[in-house]
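# Architecture at a glance
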Amino acid sequence: MKVKMLSRNPDTYVRETKLDLQKVPRNYDPTLHPFEVPREYVRALNATKLERVFAKPFLASLDGHRDGVNCLAKHPKSLATVLSGACDGEVKIWNLSQRKCIRTIQAHEGFVRGICTRFCGTSFFTVGDDKTVKQWKMDGPGYGEEEEPLHTILGKTVYTGIDHHWKEPLFATCGQQVDIWDEQKTNPICSMTWGFDSISSVKFNPIETFLLGSCASDRNIVLYDMRQATPLKKVILDMRTNTICWNPMEAFIFTAANEDYNLYTFDMRALDTPVMVHMDHVSAVLDVDYSPTGKEFVSASFDKSIRIFPVARSQSREVYHTKRMQHVICVKWTSDNKYIMCGSDEMNIRLWKANASEKLGVLTSREKAAKDYNQKLKEKFQHYPHIKRISRHRHLPKSIYSQIQEQRIMKEARRRKEVNRLKHSKPGSVSIVSKKKKHIVAVVK
Amino acid sequence: MTASRVAESLLALSQQEELVDLPKNHPLSVSEDEEDSDRERKHQKLLEAISSLDGKNRRKVAERSEAGLKVSEFNVSSEGSGEKLVLADLLEPAKTSSSPSLATVKKQLNRVKSKKTVRLPLHKEEVERILRELAFNKTSQVLSKWDPIVLKNRQANQLVFPLEKEQSAFAPIEHVLSGWTARTLLEQKVFNLLHKNKQPVTDHFLTPMEKASLKAMSLEEAKMHQAELQRARALQSYYEARAQREKKIKSKKYHKIVKKEKAKKALKAFEQLGKVNPTVALEKLEKARIMERMSLKHQNSGKWAKSKVIMAKYDLEAHQAMQEQLSKNKELMQKLQIALESEEEERGPEEVEELLIPGVVNKVQMNADGPNPWMLSSCTQDSREAETHEDLEELPEPVAHEVSESEVDEGPVAEEEILLKEFEEWRSLRRRSELSQDAELVGSQETKESSSQEKLSELRAPSQRFKENHQSWKPKASPTGTVPQAHREEPSLEEEEPLLLQRPKRVQTLEELEELEKEECSQSQEFFRPGLEGQQLERNPNNLSNAPKEKKKKEQMLDLQNLLTTKSPSVRSLAVPTTLKEVDDEEERDQKQMIKEAFAGDDVIKDFLKEKRDTIEASKSKDMDLTLPGWGKWGGMGLKPSAKKRRHFLIKAPGPPRKDKNFPNVIINEKRNIHAAAHQVQVLPYPFTHHSQFERTVQTPIGSTWNTQRAFQKLTTPKVVTKPGHIIKPIKAEDVGYWSSSRSDLSVMQRYPKQLSMSHKKQLKKNSVD
């Protein structure tokens, strides 16, 4: 008679070595794991709540400047190095991992208007209110040497901004006109003008490096082609654009930070309609910088906050503020896509996490898997009211909050007026202008 | 050198001559004298050319030797006339003459006349604007090459940064092998073997031998040959794979089927042989018989058979297998039909059999074994009735086995199972009735008036049926034609079923009563409701067939549907004003008649009632039965947990009564749950166009609880992956396989060459190299 017994073969469950992974037999029969949607919903809800619990983006404040920080620059080769220029003409080089200032230079008299690093990371350029362009070595002077610039160019007018070419020893300054300089020469190799107003910032396109964009105080954004030494097109907006930033992954996309509290993302081939209008700030936007992945950008505003916008969304996904942070003048997204730096009026540079609830440091594979899973769950259930509410909830300082309310009322009133006008006028006499096009005054060829 | 020069000069000369000839062709100016002189001149020139071959003399410039008013065509002189030469004067003859040679000149003249003066240059700003526009168009064209990449990156499921990839170096296998030497003994042996056979080590497909043979053939032949080889290899591998696969199949059923198929084939072949060549077939048969007699193969004397003999008492399968063996033996041992079977021959093996097999086996074999002629002879008509009880005890299982063995179709098996179950039920019931304990319990629910006697009589029906079935199955035992017979049997069974319907079903009646108490209008649906309990599921086929009869019973008890249907028309008639009714009674009747005729087909009230019933059914939460058969008691076939236990473990569905319980003409939807609504999406989110799309995305779980590890990883891949501590540089044209257009950035300098010194240029080059 055969007697049936329960028996287990050790081969199926004993590891050969200690380093092998444990075999975990699993039965994926769906009947054994019921309620998949409710269970995942609860998981998503918990993940969202935890995300909010762990959202502590502020990392460090770098203090040492004796005046407001006016400009920031990233080092092209070193993640830990950051340069900053202040309103008293001082330039500081910081080490982020040590959170210390490693070098201080009295570069200019008056403001340091602009600062940029050379593409190879060996030197950097500054422009100041004293009508000079100075090139400095990245390494500090040796013992007993004096802190001196490598080159100094004395200009005729004040320079308000500077940017270096991404591949070649050229740089561009702006002021009365856009000048393109060779590093070795004291005269610009080409200067381009269009109109007679002071230009506040100039930026090289990081991909098609012969392209330049600038914005002037007569409310326009001008694009230049360096190869043909000619401006290409000009778009005039409602209000002044403070600065622009090119998308590092999409050659023809740039974003302009405007005084009218909005940011405008343009496709440079079609300037008459912005691709997206980003509006969440409640005061003038002073600076903007793209994340190196080109998916998001960060903007600094006069309303004492910085916001992170996805490129394709008109609303921000994140707002950072602290009690002590005043008007934020400059902002930069670090090249490893992890951190955000902002320099503000009250002389500090602040370091933030780009992803507020992200855990820093090395993650184990299980942590990584859990993180990815939670992220996907949040994405999957993002439209569910509870999850949506929790994930969108942010605390705002009272000033910004009340401003937002006020502006909402104003916007609503404007909209209502428009609707009424449309309603009570002869059909066809009032044209409907789309929200995107509303802020574009003209495109000049 | 000189020769070529001469040739050139000759060519030039001939051209000149042509030019000279041109005016001469003109008919007006040609005279014979001139022609002669021309000839002379030509001759002169030729002489000169020949004389110049030595290289010393150069060609002389033509001089005018004679004075005259007549001016040759080529040397125009304005001497004599002191006036300026006007173009019009020159053109005079061309205008007047209609010669074809001057036509081209005329055309040119016309063209000159039609041209206008050049306009003033554009304003500087205008020019700049045009330049800008041109430049813009050019740049946007350059930029448009990024469109596909940008689109791809935007739509990508995953982007991994930094974008530059370090290319891993692949070494070809030859390089790897050349550096590798056989170290161990085994490796050396293998290599020796390979080298001896000149087996290609690296990448070649054919051995040198094969190559040589290939070379010997023509190309087409070689191709054919190769294809054949390939095919053979493929076939071989295919057959191997198939054999392996088949070998691995564990299903006994499958192997049985295969065996049977083989046997069938062999039989067919044999039959064919018998038709074609009967003597050979006979010989074969005889040989098989001899072989069988020689061996002990099917005599249940082997190891396996002995073990089965021990098991046969308990295990029906073993029993069956033994039976099969024996029957096979008998079949093979049978002498040919032509020859008479002598008793002695047959008795021999039978005796052996009886010695080997215990009594139990033989006893069953008596009933079950069809083809055995012995058995057939023993089964007489008279004895059958006497045997029925025994039959019923022992028969069903063997029958079932036969069927499961022979079944290819699902139909007969299912039927058989039903029969079996019925039989078991019947048996258990009979036991109960004998004990007369459960009889009261059974009768108490519904059929109090029906006596146990009646029940017994009813219960006898299955036994009859089984007898018939048994009969019907008996011929089936013959190897061919089993399935069709079974099919033939089916309809008759169904016809019989009403006879079997009257069996009391305790559980169902109990529940039905409860249901009746609870919901008044849902009883007719009862049978079609999927039961939760295993019991009910087990009996489902019976339930369906029983439905009509029991319905009738309920209708007798309380026909709510009738009540409602009779009631609602009266309500309707009440709604009609009475005065009208009095006045035009006839008209109304007519109208009613008309309406009745018009809507003869659809019964609205009935439909509504059905709808309501359906909604109630759908919304009702079901009772939960947690009884485990065999828990705390004996379990097994035909045993059911007691009613007390079932009552104890039955969890009744909670919930208040429906709101529309007392409103026969209203359906109140109770689906919306306020507590759940707070968690539900109210508006269809943006990218989705239909709610079903959205639901589908939500309903597919992504967790590792529901997905395999690999699928889980795939489902949860993050959209953007970055390497910590790595700098992400802007996208480059080289990264995506484009030439970067920025190389021509230096053209700026080329536009301003004055400002660039040579040393500067050198510096630039150095920088760019850096």
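Residues numbered from 1 in each chain as written. Chains lettered and ligands numbered in written order. Predicted model: local features only at pLDDT ≥ 70, side-chain atom pairs only at ≥ 80, totals over all residues. Heavy atoms only, no water.

With that settled, the discussion passes to the overall build of chain A. Looking only at helices and strands, chain A has five helices and 29 strands in total. Accessible surface, chain A as shown: approximately 21,800 Å² in total, 53% of it carbon and sulfur. (Helix = DSSP H or I, 4+ residues; strand = E, 2+ residues; numbered from the N terminus. Areas by Shrake-Rupley, 256 points an atom, 1.4 Å probe, with all protein chains shown as cover.)

Further remarks concern the overall build of chain B. Regarding its fold elements, chain B presents 35 helices and four strands. Within chain B, buried positions represent 22% of all 770 residues. (Buried < 20%, exposed > 50% of the residue type's maximum accessible area, 1.4 Å probe, protein only.)

Residue and element names in this part refer to chain B. Here chain B shows a mean pLDDT of 66. Residues at 70 or above account for 51%. Here residues 516-581 is a poorly scored stretch, pLDDT under 50, and it has 75 contacts once near neighbours within four places are set aside; other chains count. Both scores are available for the predicted complex, with the pTM at 0.54 and the ipTM at 0.91. (pLDDT = per-residue confidence, 0-100. Contact = heavy atoms within 4.5 Å.)

Strand pairs in the sheet, formed through backbone hydrogen bonds, run parallel or antiparallel to each other. Residue and element names in this part refer to chain A. The sheet built from four strands is open, its strands ordered 6-7-8-9 with antiparallel pairing. Each end of this open sheet is capped by a strand with a single partner; those strands are strand 6 (112-117) and strand 9 (151-154). On average, adjacent strands in this sheet sit at an angle of 15 degrees to one another, irrespective of strand direction. Bridging between strand 8 (residues 132-137) and strand 9 involves four bridges; their strand directions are antiparallel. Looking across to strand 9, one finds that Thr132 is bridged to Leu154. (Pairing = 2+ DSSP bridges. Axes fitted to C-alpha atoms, helices over the stretch in contact; angles between N-to-C directions.)

In this structure, Ile180, Leu212, Ile221, Phe254, Phe266 and Met268 of chain A together with Trp146 of chain B are the most contacted members of the largest nonpolar core, which totals 61 residues. Beyond its immediate chain neighbours, meaning those up to four positions away, Phe254 of chain A contacts Ile221, Leu223, Ile244, Cys245, Trp246, Asn247, Tyr264, Thr265, Phe266, Met268 and Leu271 of chain A. If you look at the next biggest cluster of nonpolar residues, it comprises 15 residues, including Ala55, Tyr320, Trp333 and Ala356 of chain A. (Core = buried A, V, L, I, M, F, W, Y, C linked by side-chain atoms within 4.5 Å.)

Let's shift gears to the state of the cysteines. Residues and elements named next belong to chain A. Considering all chains together, one arrives at zero disulfides over all chains under this definition. Cys71 provides the cysteine sulfur closest to Cys116, a residue in no disulfide bond, and the two sulfurs are 9.8 Å apart. A residue is classified by how much of its surface remains accessible, and Cys116, at 4% relative accessible area, is buried. Cys342 forms no disulfide, and the closest cysteine sulfur to it belongs to Cys330, at a distance of 7.8 Å. (Disulfide = S-S within 2.5 Å.)

Right, let's get into the interface of chain A and chain B. Listed by partner, the interface residues are 70 residues for chain A and 72 residues for chain B. A combined buried area of about 6,400 Å² lies between chain A and chain B, and 63% of that area is made up of carbon and sulfur atoms. Per-residue buried area on chain A facing chain B is highest for Arg227, Met249 and Arg269 of chain A; these three make up 11% of the total on that side. At the junction of chain A with chain B, the criterion picks out four salt bridges. Note that Asp147 of chain B and Arg269 of chain A form a salt bridge whose closest N and O atoms lie 2.9 Å from each other. Put simply, chain A and chain B have 16 residue pairs in polar contact (both at pLDDT 80 or more) between them. Those elements giving two or more residues to the side of chain A that touches chain B turn out to be helix 2 (36-53), strand 13 (188-192), strand 17 (230-237), helix 3 (365-380) and helix 4 (385-392) of chain A. When grouped by side-chain class, the residues that make up the side of chain A that touches chain B number 34 nonpolar, twelve polar and 24 charged. (Buried area = accessible area lost by both parts, 1.4 Å probe. Salt bridge = Lys/Arg side-chain N within 4 Å of Asp/Glu carboxyl O. Polar contact = N/O pair within 3.5 Å; in protein donor to acceptor, adjacent residues only side chain to side chain. Nonpolar A, V, L, I, M, F, W, Y, C, P; charged D, E, K, R; others polar.)

Residues and elements named next belong to chain A. Taken as a whole, this structure holds 27 salt bridges over all chains when the rule is applied. Of the charged contacts in the structure, one is a salt bridge between Arg307 and Asp280, with a shortest N-O distance of 3.8 Å. In this pair, Arg307 sits in strand 24 (residues 306-310) while Asp280 sits in the loop between strand 21 (276-279) and strand 22 (285-290), placing the two residues 27 residues apart along the sequence. We classify Asp280 as buried; its relative accessible area is 19%. For Glu318, the salt bridge identified is with Arg317, shortest N-O distance 3.8 Å. We classify Glu318 as buried; its relative accessible area is 6%. A cluster of three or more residues bridged by salt bridges with shared partners is formed by Glu296, Arg317, Glu318 and Arg394.

To continue, consider the environment of Tyr384 of chain A. Counting through the fold element by element, Tyr384 of chain A comes out in the loop between helix 3 and helix 4. Residue classification places Tyr384 of chain A among the buried residues on the basis of a relative accessible area of 12%. With 339 residues separating them in the primary sequence, Tyr384 of chain A and Leu45 of chain A have C-alpha atoms 9.4 Å apart. Residues within four places of Tyr384 of chain A in sequence aside, it is in contact with Tyr41 of chain A together with His679, Val681, Phe694 and Val698 of chain B.

The next thing to look at is the environment of Ile432 of chain A. Residues and elements named next belong to chain A. Mapped onto the elements of the fold, Ile432 is located in the loop between helix 5 (398-424) and strand 29 (440-444). Owing to a relative accessible area of 71%, Ile432 belongs among the exposed residues under this scheme. Considering only alpha carbons, one finds Ile432 and Leu422, ten residues apart in sequence, at a separation of 8.2 Å.

With that out of the way, let us pick up the sheet that holds strand 16 (residues 220-225) of chain A. In space, the five strands of this open sheet follow the order 14-15-16-17-29 (chain A), with antiparallel pairing throughout. Here the strands that pair on one side only, and so sit at the sheet edges, are strand 14 (199-204) and strand 29 of chain A. Strand-to-strand twist in this sheet, taken as the mean axis angle between neighbours without regard to direction, amounts to 20 degrees. In this sheet, strand 29 of chain A lies alongside strand 17 of chain A in antiparallel orientation, the contact comprising four bridges. Directly across from Ile236 of chain A, in strand 29 of chain A, lies its bridge partner Ala442 of chain A. Across the sheet, helix 5 (residues 124-143) of chain B is in contact with strand 15 (211-216), strand 16 and strand 17 of chain A; its angle to strand 17 of chain A comes to roughly 90 degrees.

The next point concerns the pairing of strand 17 of chain A. Residues and elements named next belong to chain A. The buried fraction of strand 17 is high, at eight of eight residues. As paired elements, strand 16 and strand 17 share six bridges and run antiparallel to each other. What sits directly across from Leu223, in strand 17, is Lys233. The antiparallel hairpin formed by strand 16 and strand 17 contains four residues in its connecting segment, where Ala229 sits at a positive phi of about 50 degrees.

Turning our attention to the side chain of Lys203 of chain A. Considering the arrangement of structural elements, one finds Lys203 of chain A in strand 14. Of the polar contacts made by the side chain of Lys203 of chain A, one reaches the side chain of Thr243 of chain A; its length is 3.5 Å.

Moving on: helix 13 (residues 303-312) of chain B. All names here are of chain B. Turning to helix 13, its buried residues number three or more, namely Ala305, Val309 and Ala312. All buried residues of helix 13 fall inside an arc of 70 degrees around its axis, so they share one side. Opposite its buried face, helix 13 presents the exposed residues Lys303, Lys306 and Ile310, each directed more than 90 degrees away. (Arc of directions from axis to C-beta.)

The full count for this structure, using the stated rule, is 17 aromatic pairs over all chains. Every member of this aromatic cluster is reached through a ring pair, and the members are Tyr41, Phe381 and Tyr384 of chain A together with Phe688 and Phe694 of chain B. Over the ring of Phe252 of chain A we find Arg269 of chain A, and its NZ or CZ is 3.9 Å from the ring centre. Lying over the aromatic face of Trp194 of chain A, Arg132 of chain B brings its terminal NZ or CZ to 3.7 Å of the ring centre. (Phe/Tyr/Trp six-rings, centres within 6.5 Å; stacked < 30°, edge-to-face > 60°. Lys NZ or Arg CZ within 6 Å of the ring centre and 35° of its normal.)

Between Phe161 of chain B and the following residue, Pro162 of chain B, the backbone shows a cis peptide bond with an omega angle of -5 degrees. Even without glycine at this site, Arg219 of chain A takes up a positive phi of about 70 degrees. Along the chain, Arg219 of chain A turns up in the loop between strand 15 and strand 16. One non-glycine residue with positive phi stands out, namely Lys304 of chain A, at about 70 degrees. Of note, Lys304 of chain A is situated in the loop between strand 23 (296-301) and strand 24. A relative accessible area of 31% means that Lys304 of chain A is categorised as partly exposed.

Right, let's talk about a negative patch on the surface for a bit. A cluster of acidic residues, Asp602, Asp603, Asp607 and Glu611 of chain B, forms a negative patch on the protein surface. Owing to a relative accessible area of 46%, Glu611 of chain B belongs among the partly exposed residues under this scheme. (Patch = residues over 30% accessible without salt bridge, like charges linked within 9 Å, V, L, I, M, F, W, Y side chains within 5 Å. Lys, Arg positive; Asp, Glu negative; His and termini not counted. Charge placed at Lys NZ, Arg CZ, Asp CG, Glu CD.)

What follows covers the packing of helix 2 of chain A against helix 3 of chain A. Residues and elements named next belong to chain A. The contact between helix 2 and helix 3 brings their axes to 9 Å, and the two run at 105 degrees. The orientation of helix 2 relative to helix 3 falls into the category roughly perpendicular. Across from Glu40, Arg43, Ala44, Ala47, Thr48 and Glu51 in helix 2, the residues of helix 3 making contact are Tyr373, Asn374, Leu377, Lys378 and Lys380. Per-class residue counts for the contact of helix 2 with helix 3 are four nonpolar, two polar and five charged. (Parallel < 35°, antiparallel > 145°, perpendicular 65-115°, else oblique.)

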